[in-house]
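Remarks on the overall topology
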Amino acid sequence: MNAIILTAVWGIVMMFGGAFIQSKSTPKYLAIAGLVVILLANCYELQGGISFFAIDVKDALHFNSFNLTFINVVLIATLFYFLLSGRDFEKVGAHVSEYFALIFFILCGVCIAATFNTLLMLFLGIEIMSIPAYILTGSDKRNLKSNEAALKYFLMGAFSTGIMLMGIAFIYGGNTDVASFNITNINLGYGPVMPKMIAVGLVFILIAMSFKVSAAPFHFWTPDVYDGAPTVFTSFMATIVKAGGFIAFIRLFENAFGKIQPQWQSLIVIITAATLLIGNLTAVFQQSVKRMLAYSSIAQAGFMLLALFALNQPAKDGLILYTGAYSIATIGLFAILIKMKDYTIDGFNGLAKQQPVLAITATVFLLSLTGVPLTAGFMGKFYMLLAAAQNGGSSWLIIFAVLCAAVSAYYYFKIIQAMFFKESNADADNSMLDVTPAFKILLVITAVIIIVLGLFPGLVIDWLYY
């Protein structure tokens, strides 16, 4: 509860602060200060402390070590995002404080999505998380691609929201035993045959949630939206917003539909395999690193879907670790990309000679996204595969996921090859934008954390068992 209230309050503070703060750099430090306070308050609640706000939510929200740990990971990843990319908000437009306010509203939605206990709160959490993202996508009003991406995102998002509401209506109507939106009261103990209304509602919600996490075949909006949005906001949408969709996805299906998992598990298998295949194969052919990362985020979603397939304790452990590893590595990589003038793979040619610190840290991030041992990304993938193995009957899916991870090494290593083994084109402008010593230090710290989590994953996972 602490995180939900404080993110909303701080979002309002940032929004009204924009009317009084003249400096473009001040909102960044105000946002970082607020995020640290929110993180400490959530840690206090996770450690067994009570909420600072005595609000009776009528069982609409549920707090436990899993969702509070997830919120902690999201807040820490956002802190790195502010530290590495906060200054780049100023390049998007004049409304810097308002951009930070929208980020805090998204965090509020993510916190609700992580703790909802009713279908109504699920809807509110998803929409609070999505609507500010539509605005951030179109925030670069001078860029036609940004305007187009925002329109596509809004239309597709509104369409998926309609499907979600239809699914909720079918589930409520089919749940004749207990007329309740509470996910723990949905009576699905119907045996081998699922009622038709429940089945239709489940499929509708599955489609809507697959859209939110950009799972195939509902991923078509992702490359255009991520490519058209300002790069600094693409970084946030590809990590924190996606993670918020996944925690809602898993929480809903575990608590509301867990009793009939065998009846919908085959659908998850198909979606997972399609997401892994389409995301990795399409990323191979991309020349723009930004667009390649958009497709690779689809492939990463395929691995995270293994947690939904398994729904066991290793799946929860893995989701927490995978969220942190993927988010921090992607945020770090996008922070470097923002400094580039050329977003193509050729734009990275010879970067190791020009900016060795950036090249080495980018290599660590790419190795983590690939899943190379001694990185946090490897441990995240390991836990996901372990969860799928313990679930049983999924050997082919595990092998397929490993093969897809091998394919991802091809396009991630193309960037490493360009940085270390290719000479920069004399005619190309490979100069970097605003690379300060402080930025380099933050990148090194981020890369070290990736390696430390790869060696000691318990630093994050142990939070689940407080």
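Starting from 1, residues in each chain are numbered consecutively following that chain's sequence as written. Two thresholds apply to this predicted model, a pLDDT of at least 70 for residue-level local features and 80 or more for giving and counting side-chain atom pairs, whereas whole-chain, interface and lining totals are computed over all residues. Here the side-chain values reflect all heavy atoms present in the structure, with hydrogen atoms and water set aside.

Further remarks concern the overall build of the protein chain. For helices the rule is a DSSP run of H or I covering at least 4 residues; for strands it is a run of E covering at least 2, with both sets numbered from the N terminus onward. Assigned secondary structure in the protein chain consists of 18 helices and zero strands. Note on method: radius of gyration uses C-alpha positions; expected globular size equals 2.2 Å times residues raised to 0.38. Against the 2.2 N^0.38 benchmark of 23 Å for 466 residues, the protein chain shows a C-alpha radius of gyration of 21 Å, consistent with a compact globule. A principal-axis box enclosing the C-alpha atoms of the protein chain has dimensions of 70 × 55 × 45 Å. The buried label applies to any residue whose accessible area, calculated with a 1.4 Å probe on protein chains only, is under 20% of its type's maximum; exposed applies above 50%, and partly exposed to all values in between. Sorting the 466 residues of the protein chain into buried and exposed places 60% on the buried side.

Inspection of the secondary structure assignment puts Thr-361 in helix α14 (residues 356-370). On the basis of relative accessible area, Thr-361 is assigned to the buried category, the value being 4%. When the C-alpha atoms of Thr-361 and Leu-333 are compared, they prove to be 8.4 Å apart, with 28 residues separating the residues in sequence. With residues near it in sequence (within four places) discarded, Thr-361 still touches Ile-336, Leu-443, Val-444 and Ala-447. Among the polar contacts listed, one links the side chain of Thr-361 to the backbone oxygen of Val-357, at a separation of 2.8 Å. Polar contact is the term for a pair of N or O atoms within 3.5 Å; when the atoms are in protein, one must be able to donate a hydrogen and the other to accept it, and sequence-neighboring residues count only if both atoms are side-chain atoms. From its side chain, Thr-361 meets the backbone oxygen of Leu-358 in a polar contact 3.0 Å long. By definition in these notes, contact holds between two residues if any of their heavy atoms fall within 4.5 Å.

The next thing to look at is the side chain of Asp-317. The topology assignment puts Asp-317 in helix α12 (residues 313-338). Counted as positive: Lys and Arg. Counted as negative: Asp and Glu. His and the chain ends are not counted at all. Note on definitions: salt bridges are taken to be side-chain nitrogens of Lys or Arg within 4 Å of carboxyl oxygens of Asp or Glu. The buried charged residue Asp-317 lacks any salt bridge partner; its closest oppositely charged side chain belongs to Lys-316, at an N-O distance of 8.4 Å.

This brings us to helix α4 (residues 96-115). With 20 residues, α4 ought to run about 28 Å at 1.5 Å a step, and its terminal C-alpha atoms sit 29 Å apart, in line with that. By the criterion of burial, α4 is predominantly enclosed, with 19 of the 20 residues buried. Multiplying one less than the number of residues by 1.5 Å gives the expected span of a helix.

Time to look at the packing of α4 against helix α5 (residues 119-137). Their axes nearest at 8 Å, the elements α4 and α5 cross at an angle of 155°. Compared by their axis directions, α4 and α5 come out roughly antiparallel. In the packing of α4 onto α5, the handedness of the crossing is left-handed. Along its contact with α4, which presents Tyr-99, Leu-102, Ile-103, Phe-105, Ile-106, Gly-109, Val-110, Ile-112 and Ala-113, the element α5 presents Met-121, Gly-125, Ile-128, Met-129, Pro-132, Ala-133, Ile-135 and Leu-136. Under the scheme applied, nonpolar residues are Ala, Val, Leu, Ile, Met, Phe, Trp, Tyr, Cys and Pro; charged residues are Asp, Glu, Lys and Arg; polar residues are all the others, including Gly. Class assignment of the residues belonging to the contact of α4 with α5 gives a composition of 15 nonpolar, two polar and no charged. All axes are obtained by fitting lines to C-alpha atoms, using only the stretch in contact for helices, and the reported angles, taken between N-to-C directions, cover 0 to 180 degrees. Here the angle decides the label: under 35 degrees means roughly parallel, over 145 means roughly antiparallel, 65 to 115 means roughly perpendicular, and every other value means oblique. Throughout, a crossing is termed right-handed when the near helix is turned clockwise from the far one, and left-handed when it is turned anticlockwise from it by less than a right angle.

As a further point, take the pattern of salt bridges. Under the counting rule described, the total for this entry stands at 10 salt bridges. Here Glu-148 and Lys-152 are joined by a salt bridge, their closest N and O atoms 3.0 Å apart. Of the two residues, Glu-148 and Lys-152 are both situated in helix α6 (residues 144-174); the distance of four residues between them amounts to about one turn of the helix. According to the relative accessible area criterion, Lys-152 is partly exposed, its value standing at 30%. Residue Glu-423 pairs with Lys-353 through a salt bridge whose shortest N-O separation is 2.7 Å.

Taken N-terminus to C-terminus, the directions of helix α3 (residues 65-85) and α12 make an angle of 10°; their axes are 10 Å apart at the nearest point. Put simply, α3 runs roughly parallel to α12. For the pair α3 and α12, the contacting residues are Phe-66, Thr-69, Phe-70, Val-73, Ala-77, Phe-80, Tyr-81, Leu-84 and Ser-85 in the first and Lys-316, Leu-319, Ile-320, Thr-323, Gly-324, Ser-327, Ile-328, Ile-331, Gly-332, Ala-335 and Ile-338 in the second. Within the contact of α3 with α12, the residues separate by chemical class into 13 nonpolar, six polar and one charged.

Time to look at unusual backbone geometry. With an omega dihedral of 0°, the bond running from Ala-216 to Pro-217 counts as a cis peptide bond. Considering the arrangement of structural elements, one finds Pro-217 in the loop between α7 (196-212) and α8 (221-228). Even without a glycine there, the phi angle at Ser-214 is positive, about 55°. Along the polypeptide, Ser-214 turns up in the loop between α7 and α8.

We now examine the packing of aromatic side chains. Centres within 6.5 Å make a pair out of two Phe, Tyr or Trp rings, where for Trp the six-membered ring is used; the pair is then stacked when the planes are under 30 degrees apart, edge-to-face when over 60, and tilted otherwise. Applying the stated criterion across every chain, the model contains 21 aromatic pairs. Taking 5.9 Å as the distance between ring centres and 40° as the angle between the ring planes, the aromatic pair formed by Tyr-81 and Phe-82 counts as tilted. Aromatic side chains Tyr-411 and Tyr-412 sit 4.7 Å apart centroid to centroid with 55° between the ring planes, which places their arrangement in the tilted category. Note on accessibility: Tyr-411 and Tyr-412 belong to one class, buried. An aromatic cluster is built from Tyr-81, Phe-82, Phe-89, Tyr-99, Phe-100, Phe-104, Phe-233 and Phe-236, whose rings are joined through pairwise contacts. By definition here, charges over rings are those cases where NZ of Lys or CZ of Arg is within 6 Å of the ring centre and within 35 degrees of the ring normal. The ring of Phe-303 has Lys-381 sitting right over it, with the charged end atom 4.9 Å from the ring centre.

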